[in-house]
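Geometric and topological summary
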Amino acid sequence: MPVPEFETVSAAKAFGGVQSVIRHRSRETGTSMRFAAFLPPQAETTPVPVLWFLAGLTCTEDNFTVKAGAQRVAAELGLALIAPDTSPRGDGVPDDPDGAYDFGLGAGFYVDATEAPWSTHYRMRSYLERELPELVAATLPIDPTRQAISGHSMGGHGALTLALRTPDRFRSVSAFAPIASPMNCPWGHKALSGYLGADRDAWRQYDACALIADGARVPAILVDQGTADGFLAEQLKPDLLEAACAGTGIQLTLRRQDGYDHSYFFIASFIEDHLRWHARALAA
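Let me begin by describing the structure that accompanies this report. (Residues numbered from 1 in each chain as written. Predicted model: local features only at pLDDT ≥ 70, side-chain atom pairs only at ≥ 80, totals over all residues. Heavy atoms only, no water.)

1. Things to note about the overall build of the chain
What counts here: Secondary structure elements are taken from DSSP: a helix is a run of H or I of four residues or more, a strand is a run of E of two residues or more, and numbering for both begins at the N terminus. Atoms considered for the radius of gyration are the C-alpha atoms alone. The globule rule reads 2.2 Å times the number of residues to the power 0.38. To sort residues, take the accessible area from a 1.4 Å probe on protein chains only and compare it with the maximum for the residue type: under 20% means buried, over 50% means exposed, and anything in between is partly exposed. Two residues form a contact once any of their heavy atoms are found within 4.5 Å. Note on areas: Shrake-Rupley, 1.4 Å probe, and residue coverage restricted to the protein chains presented here. Counting rule applied: Lys, Arg positive; Asp, Glu negative; His and chain ends not counted. We put the charge of a Lys on NZ, of an Arg on CZ, of an Asp on CG and of a Glu on CD.
Helix and strand content of the chain: 10 helices and nine strands. The C-alpha radius of gyration of the chain comes to 18 Å, within 12% of the 19 Å expected for a compact globule of 284 residues. A principal-axis box enclosing the C-alpha atoms of the chain has dimensions of 50 × 45 × 35 Å. Expressed as a percentage of its 284 residues, the buried residues of the chain come to 57%. Long-range pairs, those at least 24 residues apart, make up 71% of the contacts in the chain with a sequence separation of at least 6. Summed over its atoms, the accessible surface of the chain is roughly 11,300 Å², and 52% of this surface lies on carbon and sulfur atoms. With 24 positive and 33 negative side-chain charges, the chain shows a spacing of 4 Å between the two charge centroids.

Here is the structure:
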């Protein structure tokens, strides 16, 4: 049976607002897609600003929604939260043939794949740049002129690249332990070569440091990075983002948080800072 354009899978009251999971049929991925939406109590009477949060490898829309503890402060600030899935899923959607966690299902890397067999369904860039925001704006009481974006790890990479490619859409961008330069780490090299092929020029639109080097700009970026993160040196490389932003006019606030790892305990510890930082930008 075809999935309706917009179907509420679950809904629960939280901090005076409503936390929902919504399913719809995606024209971009050719699959059923799910996303989580928190609407604060203010949304009952007026359109509210929205923060998009992109999750990391192996995650779904549930990880941020259940583990980050963002709803209480979002309700106070009158801020909607939208958390999409990290890749298409379902019958006929290819996965890594070896069952690896860093490619295929749960690891879409927020790209539009151009290589077979991935190109048929793995179109997360177009899904997030066009399709899902149009659906959300048409269906939920959010103010499309006040949008912000954040993400974790692979989702931090996605948040940075989406913001840099579409600076007129987002008033602010932040990230937790982002993959700062996928072109220069094993996770990114595997994903970009697999989804896009061997032409490294095609990878640049999916690398925050390369986008900045090529002239993309946002006013400011907030990044939190745990110093005890096991992926820090090999995969995340925040120093590359710091170097890329130097002298560009981008105000990068890179906070190295002593002793914190890559988990959602880290995110939950600093999510309030990010929510309030975005809320100030969205109120301007």
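The rest of the description comes next.
2. Remarks on helix α3 (residues 124–139)
Where we set the bar: Note on bend: at a given residue it equals the angle between the axes fitted to the 7 residues ending there and to the 7 starting there.
At Glu 131, α3 shows its largest kink, close to 35°, and the proline Pro 133 lies no more than four residues downstream. When α3 is considered as a whole, its buried residues turn out to be Met 124, Arg 125, Ser 126, Tyr 127, Leu 128, Glu 129, Glu 131, Leu 132, Pro 133, Leu 135 and Val 136. Against the buried residues of α3 lie β2 (17–25), β3 (32–39), β4 (48–54), β5 (80–84), β6 (142–151) and α4 (154–165).

3. Re the packing of aromatic side chains
The relative placement of two aromatic rings is captured by the distance of their centres and the angle of their planes. Quick note on the threshold: Side-chain rings of Phe, Tyr and Trp, where Trp is taken by its six-membered ring, are said to pair if the distance between their centres is within 6.5 Å; with planes under 30 degrees apart they count as stacked, over 60 as edge-to-face, and otherwise as tilted. In this scheme, the term charge over a ring applies when either NZ of a lysine or CZ of an arginine sits within 6 Å of the ring centre and within 35 degrees of the ring normal.
This model, assessed by the stated rule, comprises 13 aromatic pairs. A ring pair is formed by Trp 118 and Tyr 195, whose centres lie 6.0 Å apart and whose planes are at 85°; its orientation type is edge-to-face. Here Tyr 195 lies in helix α5 (residues 186–196) and Trp 118 lies in the loop between β5 and α3, a separation of 77 residues in the sequence. Here Trp 118 matches Tyr 195 in class, with each residue buried. Measuring from ring centre to ring centre gives 5.8 Å for Phe 176 and Phe 266, while their planes differ by 85°; the resulting arrangement is edge-to-face. Of this pair, Phe 176 sits in strand β7 (residues 170–176) while Phe 266 sits in helix α10 (residues 264–283), and the two are 90 residues apart along the sequence. Of the residues examined, Phe 176 reaches a relative accessible area of 0% and is grouped as buried. Ring pairing ties together the aromatic residues Phe 53, Phe 64, Phe 176, Tyr 260, Phe 266 and Phe 270, which thus form one cluster. Directly above the aromatic system of Trp 52 lies the positively charged group of Arg 169, at a separation of 5.1 Å from the ring centroid.

4. Examining α4
Quick note on the threshold: How far a helix is expected to stretch is found by multiplying one less than its residue total by 1.5 Å.
For α4, built from 12 residues, the straight-helix expectation of 16 Å at 1.5 Å per residue is met to within 8% by its first-to-last C-alpha distance of 17 Å. Counted residue by residue, α4 has 12 buried out of 12 residues, so it is predominantly covered. When α4 is considered as a whole, its buried residues turn out to be Met 154, Gly 155, Gly 156, His 157, Gly 158, Ala 159, Leu 160, Thr 161, Leu 162, Ala 163, Leu 164 and Arg 165.

5. Observations regarding the nonpolar core
Using the following cut-off: What makes a nonpolar core is a set of buried Ala, Val, Leu, Ile, Met, Phe, Trp, Tyr and Cys residues whose side-chain atoms join them at distances within 4.5 Å.
Ranked by internal contacts, the top residues of the largest apolar core, which has 92 residues, are Phe 35, Phe 64, Phe 109, Leu 140, Ile 149 and Tyr 195. Take this core: its biggest share by element is seven residues, from α10. Ignoring any residue separated from it by four or fewer positions in sequence, one finds Phe 109 in contact with Leu 57, Thr 86, Asp 102, Met 154, His 157, Ile 179, Trp 187, Gly 188, Ala 191 and Tyr 195.

6. Comments concerning the environment of Ala 74
Structurally, Ala 74 can be placed in helix α2 (residues 71–77). Residues Ala 74 and Phe 266 lie 192 residues apart in sequence; the distance between their C-alpha atoms is 18 Å. For Ala 74, the residues in contact, after removing those within four places along its chain, are Phe 38, Pro 40, Leu 79, Leu 81 and Leu 275.

7. Comments concerning the sheet that holds β6
Note the threshold: One bridge is not enough; two strands pair if DSSP finds at least two bridges between them. Note on method: axes are straight lines fitted to C-alpha atoms, helices fitted across the in-contact stretch only, with angles between N-to-C directions ranging 0 to 180 degrees.
Reading across from one edge, β1-β2-β3-β5-β4-β6-β7-β8-β9 is the order of the nine strands in this open sheet, with mixed pairing throughout. Edge positions in the sheet fall to β1 (7–14) and β9 (251–257), since each of these pairs with one other strand and no more. Across the sheet, the mean angle separating the axes of adjacent strands is 20° when strand polarity is ignored. Here β6 runs beside β7; their pairing, made up of three bridges, is parallel. Pairing of Ala 148 across the sheet is with Ser 172, part of β7. This element, helix α9 (residues 238–245), spans β8 (220–226) and β9 of the sheet and lies at about 155° to β9. Where α10 meets the sheet, its contacts fall on β4, β5, β6, β7, β8 and β9, and the angle it forms with β7 comes to roughly 165°.

8. Structural notes on the side chain of Ser 26
This is how the line gets drawn: In the analysis that follows, any N or O atom pair within 3.5 Å is treated as a polar contact, provided that within protein one partner can donate a hydrogen and the other can accept it, and provided that, for residues neighboring in sequence, both atoms belong to side chains.
Along the chain, the position of Ser 26 falls in the loop between β2 and β3. A polar contact is formed between the side chain of Ser 26 and the backbone nitrogen of Thr 29, at a distance of 3.0 Å. Filtering out sequence-adjacent residues up to four positions away, Ser 26 remains in contact with Thr 31, Met 33, Tyr 127 and Glu 131.

The analysis is restricted to geometry; functional conclusions fall outside its scope.
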